[in-house]
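# Per-entry structural report
One-letter residues, chain by chain:
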Amino acid sequence: MKLLSISKICLKVTSVTFFCFCAFIVEAQQKSIQQKVDSVLKLMTLDEKIGQLNQYSGDWDFTGPITADGDKQQQIMDGLVGSMLNVTGVEHTRMLQSLAMKSRLRIPLLFGQDVIHGFRTTFPIPLAQSASWNPELIEKAERVAGTEASAYGVHWTFSPMVDIARDPRWGRVMEGAGEDTYLGSLIAAARVKGFQGKGYGDTAAVMACVKHFAGYGAAIGGRDYNSVDMSLHNLWEFYLPPFKAAVDAGVGSVMNSFNDLNGIPATGNRYLMREVLKGKWNFKGIVVSDWGSVGEMVNHGYAANQRDAAKIAINAGCDMDMESRCYKNHLKDLLRTGEVKLSTIDAAVKTVLKTKFELGLFDDPFRFCKASRQDNQTHHPENRKVAFEMAEKSIVLLKNENQVLPFNKKMKKIAFIGPFVKSVRDHLGFWSMEWPDDTATIVTLWDGLKNALGKDVELKYAKGCNVNDQDSSGFAEALQIAADADLVLLSMGEARDMSGEAKSRSQLHLPGVQESLIHAMHQLGKPVVLLIHAGRPLIFDQPASQVEAILYAWWLGSEAGNALAAVLTGKYNPSGKLTMSFPRTEGQIPIYYNHLNTGRPASSATDVNYVSAYTDLLNTPRYPFGFGLSYTDFSYGDILLDKTSFHSGETIKASITITNTGDYDGEETVQLYLRDITASLARPVKELKDFKKIFLKKGESRTLVFNLNVEKLKFYNERLEYKAEPGAFELMIGPDSETLKKVNIQYN
Ligand code: GLC
C-alpha cells in the first residue's frame, strides 16, 4: 500500500512538473515572439509601421472595385505594404516576397486569398456542405483546402464566412451555413480547425479569418451591403455565437463587414471590435477591413472624408486596411495632430508582426514557396475523394414519389435535358478559384452519369433551354427525345454567378423559360426527375407539383457529375438536410424555423382567422429547416426520459429508437429541438440544440440517447446575461424541424 501511494505521489509530481515545463516552453516561445515583435517595432519608421497596416489586391483576380494607383511593387520594396491578396502560386508569391526582402527591414508580406470552398480541388459551396450536417467532414474538406492553398504560397484565407442568414434574396447565403446558430457555430469551429490544422505556421496550414463581423447576413431586404437593424439581444442570441465559436477554435483573424449595425458601420464599430472581440473575447489576432470598407464609411455618412474614416476605423480596432488606402494616406497626419495615438498604431502593427512571426515568415519568408509541394498538391487524387464524399453528402432529396429514384433497371432510355447537363464551370459555384485547366478537372453531369450507367442505359441529351432568357426554340428537340424515353431527367436552376456577393435578387423562381419547359415535360406523362442547381433556396412551388422527384444539387464542385450519378443510380442513398427554410414565394421572406410564437399564432398551415398569417398563402415553408428525404424510411419511436424535471448540475437523458423500415441502408440526421415555454423574453417556438447522424442498415434499429443539461437552456436575457430560467420546456426530436415527437420537461 505504502509503495503504491509513493509511486502515485511520484507520478503526480512528475506530471505536474511536466505540465509546468510545457507551460514554460509555450510561455517562453510566446515571450520570444513578443520580444522579437518589440525589437522589430523599435527599428521601424512611422511610414514602415503604417505600411504594415496596408493591404493591396494583386492583379490576378479582383474581388472588389479596383483602385488604379502608384507602383505597388515599388511600395513593397519601400516597406509600405504589409499584405497582398489575390496573389497565388509559388512563382507569383516568391516574386513579390523577394521584393519585400529588398526593403530596409525585410519584413515579409502576408498573402491572403478567398479560399471559400476549395482551392485546386473545388468542394460544394458552403451552404451545400452545411446540408451534410457533418462538421467532421467539413473540417476534412477545409484541411484539404488549407493544404492545397498553403502549397501555392497562400498564408491566410478569408474564410470561414459564418453569417447567419434567413433571407435567400441575399446572394451570399451560398457562402455560409444557413439560418441556425447552433449548427452554424459547430461548422464555424470545424472550418477554422480544418484550415489551421496543427496550427498556422505549419506549412500545410493557412490562417483562417472568420467573417463578416458582424450581422451582415441580416441586411434589410436581403439587399447586399444594406443596413442591419437589430436588437443587441438578437445580435448576441443568433448572430455572434458562430464568431465566438471561431475565436474559441483559435481563429487567427477576423474580417469586419460592409454593413452598418444600428447606424454604426461595422468597420468603425468600437462596440463590436474593442468591447466584444478584443475585450470580452480577448481576441489577439488581426482585424482586417473588408474591401474598401474603411473608406466606405464616407458613403455611410459616418465619416466626413477618407481621413476621418481612417481615424474612426483605427481607433475602433480595425488593424489592417484592405484596399481603401485610407491608412496609407492619412494615419501619419492623424498621428501628428494627436487624433490617433502612436500606441494605437503600434498595437495594430504588433498584431501584424506577431502573426508573421507565428507563420514562421521572419525565419523563412519563402517557406510556403516550394514548387515541389505545389506540384504535389495539384489534382491530388486523395483530395478528390474528399470532394466526392462531400458532394454526395451535400445533396438533398426533396421529393421521391412512387420511388422513381434511384433509377431502376427497367429504365433503359433516359432523356437528360437542361442547360447544366454539359455545363462545366457552373459546378464551381461562386467564390471558386479559376484555373485554366478547370475544364479538364470538373466532372460534368453528363460525363458522371454516362460513366455510371455504362452501356446498359441509353442516355440522350438536349439542352432544352438556356439558363435565363426567353428562348424556347430548344423545346422541340427536348420534347422529341423525352417522348422516346422511359424517364426524363431535368437539370435546372440558376447560373453560378446568380448567387454570391452583390447578387441579391428580388425574384427567386427558376429563371428564363425553365418552368415552361418543366411543364411541357410534365404533359408527356412520363416520370420526371428534377435536379436543381443553385447557391440559395429557390422558389419552385409549381414545378415541384409537376415532377415525381427533386434533388437539390447546389453547386457541387469538381466531383459534381460523379456525386450526382452515385445518388441517381442508388450507389449512395442521399442524406442531406436543408439548413435554410425554403419559402413558397418571395412574399413569405424572411421565413425561418426558430421564430417567436406571437400573440396570435396560426393553429395550422391554413389558419387565417385573426392570426399571424398571409391570407393568400399557406403558413408553412415549402420545405422546412432540417428537411431531407432518403430512399429508405426511418420510423421514430416515442421519446423516453430518465426524469422529467432537473436542476442545474443534473442531466436529463432523452432516448429514442430509430428503425430503418425501408428497402435501403441509409444515413439519418436525428434532430433535437427545445422550446422554452415561458421566460423573461418571448422565446422561439423551437431551437436546434443537438443532433446525431446514424447509419442504419435496412431493418436495423438503434436507440439514441441525448444528454440535456442546463447549458442547453441558456439564452441572452434583457440584460444580456446568458442564463437559464426555471420553468417548463418542450423537448422535440425528429427528422426535420416540423416532423417532431414531443415531451415536456421541467427545469427547477
Ligand atoms: C469581398 C468580400 C470578402 C472578401 C474580400 C476579399 O468584397 O466581401 O468576403 O474576403 O472582398 O476578396
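Residues numbered from 1 in each chain as written. Predicted model: local features only at pLDDT ≥ 70, side-chain atom pairs only at ≥ 80, totals over all residues. Heavy atoms only, no water.

The subject of this paragraph is the sheet that holds strand 14 (residues 487–493). The strands making up a sheet associate through hydrogen bonds between their backbones, and the pairing can be parallel or antiparallel. Pairing in this open sheet of six strands is mixed, and the strands run 11-16-15-14-12-13 from one edge to the other. Of all strands in the sheet, those bounded by a partner on one side alone are strand 11 (396–400) and strand 13 (458–462). Taking each pair of neighbouring strands and ignoring which way they run, the sheet shows an average axis angle of 15°. Strand direction decides the pairing type here: strand 12 (residues 413–417) and strand 14, joined by four bridges, are parallel. If you follow I414 over to strand 14, its bridge partner there is L487. Running over the sheet, helix 18 (residues 445–453) touches strand 12, strand 13, strand 14 and strand 15 (528–533) and is turned about 170° from strand 13. (Pairing = 2+ DSSP bridges. Helix = DSSP H or I, 4+ residues; strand = E, 2+ residues; numbered from the N terminus. Axes fitted to C-alpha atoms, helices over the stretch in contact; angles between N-to-C directions. Contact = heavy atoms within 4.5 Å.)

In terms of burial, strand 5 (residues 209–213) is largely enclosed, as five of its five residues are buried. In terms of strand pairing, strand 5 meets strand 6 (residues 253–256) through three bridges, oriented parallel. Of the residues in strand 6, the one forming a bridge with V210 is V254. (Buried < 20%, exposed > 50% of the residue type's maximum accessible area, 1.4 Å probe, protein only.)

On to the sheet that holds strand 4 (residues 156–157), then. If you trace the five strands from one edge of the open sheet to the other, you get 4-3-2-1-10, paired in parallel fashion. Of all the strands in the sheet, the pair left with one neighbour each is strand 4 and strand 10 (321–322). Inspection of the sheet shows strand 2 (residues 83–85) paired to strand 3 (residues 110–113) by three bridges, in the parallel sense. Bridging from a neighbouring strand, M84 pairs with F111 of strand 3.

We now examine the packing of aromatic side chains. Taken as a whole and judged by the stated rule, the model has 31 aromatic pairs. With a centroid separation of 6.1 Å and 55° between ring planes, the pair formed by F213 and W281 is classed as tilted. Taken together, the positions of F213 in strand 5 and W281 in the loop between helix 10 (270–280) and strand 9 (286–288) put the pair 68 residues apart, joining distant regions of the chain. Accessibility classification places F213 together with W281 in one group, the buried group. Relative to Y722, the ring of Y716 has its centre 4.6 Å away and its plane inclined at 35°; by these criteria the two rings are tilted. (Phe/Tyr/Trp six-rings, centres within 6.5 Å; stacked < 30°, edge-to-face > 60°.)

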